[in-house]
Amino acid sequence: MKLNAEQYAHDAWRCLEVVGMSEEHVMEPSRLQGCKGFLLLTSKKTAFLGTVETGHGILIECRELDDRARRVYSAPVPVTTTRIGMGTSMGYEKLYSIMLLKCHEAVKHIANGGGLEGSDAEVPHASKDKVHHTHKHHRTVMLDCDLMPGENEATVFSASKGVMIADMSFSGGSIGPDKKLIAEWYGEGVRPNDILASKDLVPPAAFDQLYNFLRDLEGEGVPDMAPCVPATSAPAFEAVAESPMAH
């Protein structure tokens, strides 16, 4: 099913709600202020010995301070992601993830379809909240690019729901731009680097709530988060699809 800007905006907002604003505090939203860019990703992961994770999201670059000493943010670059792993894993889960990037070169690496690798060497930590029954994850992935030591590392904070009995695997994959969506959102001929560099490109209106949050975060700390109502219906985090392994 093809997703539109409203669905991307809804899922990006849901990432902030689940990962950054839940009672479990998987990640404090203020950490967005200390990075050079970040991704808000939604994915589904299936594991039976090996793992396959596919998803989508947006990439935003954090740029220089404006004339009021506040950081400014690029328009969102729509991305898709695929990771394949091998190891001892079994289960199925839906994940919301925030990936923090340490330098502008890392942001450009992702914007142009960069590779990454990492490991999931843990039994996910289960929340005590029986209603939401989420699992918290915190891991480091390595970007497949030539950067200074440490700058090619990206920190990922995730919250998931599903049945993942164990997840001990090494995985590799890529995150890259969705060129068709870029053309729909910004026009033909616009490249990912153009979006990151431009001060004139306006994000699709569906992202207004997200950018209002980011502006408030820069000015006053953590703002109140009103519920996001998508223009098109979307499954809630609690409503994880049935595992295909059940059939």
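Quantities reported herein were computed from a predicted structural model and do not represent experimental measurements.

Calculation rules
Residues numbered from 1 in each chain as written. Predicted model: local features only at pLDDT ≥ 70, side-chain atom pairs only at ≥ 80, totals over all residues. Heavy atoms only, no water. Buried < 20%, exposed > 50% of the residue type's maximum accessible area, 1.4 Å probe, protein only. Helix = DSSP H or I, 4+ residues; strand = E, 2+ residues; numbered from the N terminus. Pairing = 2+ DSSP bridges. Expected span 1.5 Å × (residues − 1). Polar contact = N/O pair within 3.5 Å; in protein donor to acceptor, adjacent residues only side chain to side chain. Phe/Tyr/Trp six-rings, centres within 6.5 Å; stacked < 30°, edge-to-face > 60°. Contact = heavy atoms within 4.5 Å. Salt bridge = Lys/Arg side-chain N within 4 Å of Asp/Glu carboxyl O. Core = buried A, V, L, I, M, F, W, Y, C linked by side-chain atoms within 4.5 Å. pLDDT = per-residue confidence, 0-100.

**Thoughts on the pairing of strand β1 (residues 37-48)**
Okay, step 1: Burial runs high along β1: nine of the 12 residues are buried.
Okay, step 2: Where β1 and strand β2 (residues 50-65) come together, 12 bridges link them in antiparallel fashion. Counted as the bridge partner of Lys44 is Thr54 from β2.
Okay, step 3: Adjacent in sequence and paired antiparallel, β1 and β2 are bridged by one residue, among which Leu49 carries a positive phi angle near 70°.

**So, helix α1 (residues 5-20)**
Okay, step 1: Here α1 spans 22 Å end to end across 16 residues, near enough to the 22 Å set by a 1.5 Å rise per residue.
Okay, step 2: Burial of α1 is extensive: 14 of the 16 residues sit out of reach of the surface.
Okay, step 3: Two or three places before Glu6, at the opening of α1, Asn4 has a side-chain oxygen 3.2 Å from that residue's backbone nitrogen.

**So, the packing of aromatic side chains**
Okay, step 1: Evaluated as defined, the whole model comprises five aromatic pairs.
Okay, step 2: Ring centres of Trp13 and Phe213 lie 5.8 Å apart, and the angle between their planes is 90°; on these two criteria the pair is classed as edge-to-face. Of the two residues, Trp13 is situated in helix α1 and Phe213 in helix α5 (residues 208-220); the sequence distance between them amounts to 200 residues. The residues Trp13 and Phe213 share a single accessibility class, namely buried.
Okay, step 3: What links up through ring pairs into an aromatic cluster is the set Tyr8, Trp185, Tyr186 and Phe207.

**Quick notes on the side chain of Ser74**
Okay, step 1: Topologically, Ser74 is positioned in the loop between β3 (71-73) and β4 (77-101).
Okay, step 2: A polar contact is formed between the side chain of Ser74 and the backbone nitrogen of Glu61, at a distance of 2.9 Å.
Okay, step 3: Leaving out residues up to four positions away in the same chain, Ser74 has contacts with Ile60, Glu61, Arg63, Ile195, Leu196 and Tyr211.

**Details of the pattern of salt bridges**
Okay, step 1: Counted under the stated rule, the structure contains five salt bridges.
Okay, step 2: Two residues, Arg14 and Glu17, come together in a salt bridge whose shortest N-O distance is 3.1 Å. Residue Arg14 and its partner Glu17 are located together in helix α1, separated by three residues, close to a single helical turn.
Okay, step 3: A salt bridge links Asp194 to Arg191, with the shortest nitrogen-to-oxygen separation between them at 3.3 Å.

**Looking at the nonpolar core**
Okay, step 1: Counting 55 residues, the largest nonpolar core has Phe38, Leu101 and Leu210 as the members making the most contacts within it.
Okay, step 2: Dropping the residues within four chain positions of it, Leu101 is found in contact with Cys35, Lys36, Gly37, Leu39, Leu59, Ala106, Val107, Ile110, Leu143 and Ala154.

**Focus: the confidence of the model for the protein**
Okay, step 1: The predicted model of the protein has a mean per-residue pLDDT of 76, with 69% of residues at 70 or higher.
Okay, step 2: Confidence, read as mean pLDDT per element, is least for strand β6 (residues 125-126) in the protein (43) and greatest for helix α3 (residues 179-186) (95).
Okay, step 3: Of the regions scoring below 50 in pLDDT, residues 121-133 engages in 25 contacts with residues more than four places distant in sequence or in other chains.
Okay, step 4: When the criterion is pLDDT under 50, residues 220-247 qualifies, and its contacts beyond four places in sequence or with other chains add up to 59 contacts.

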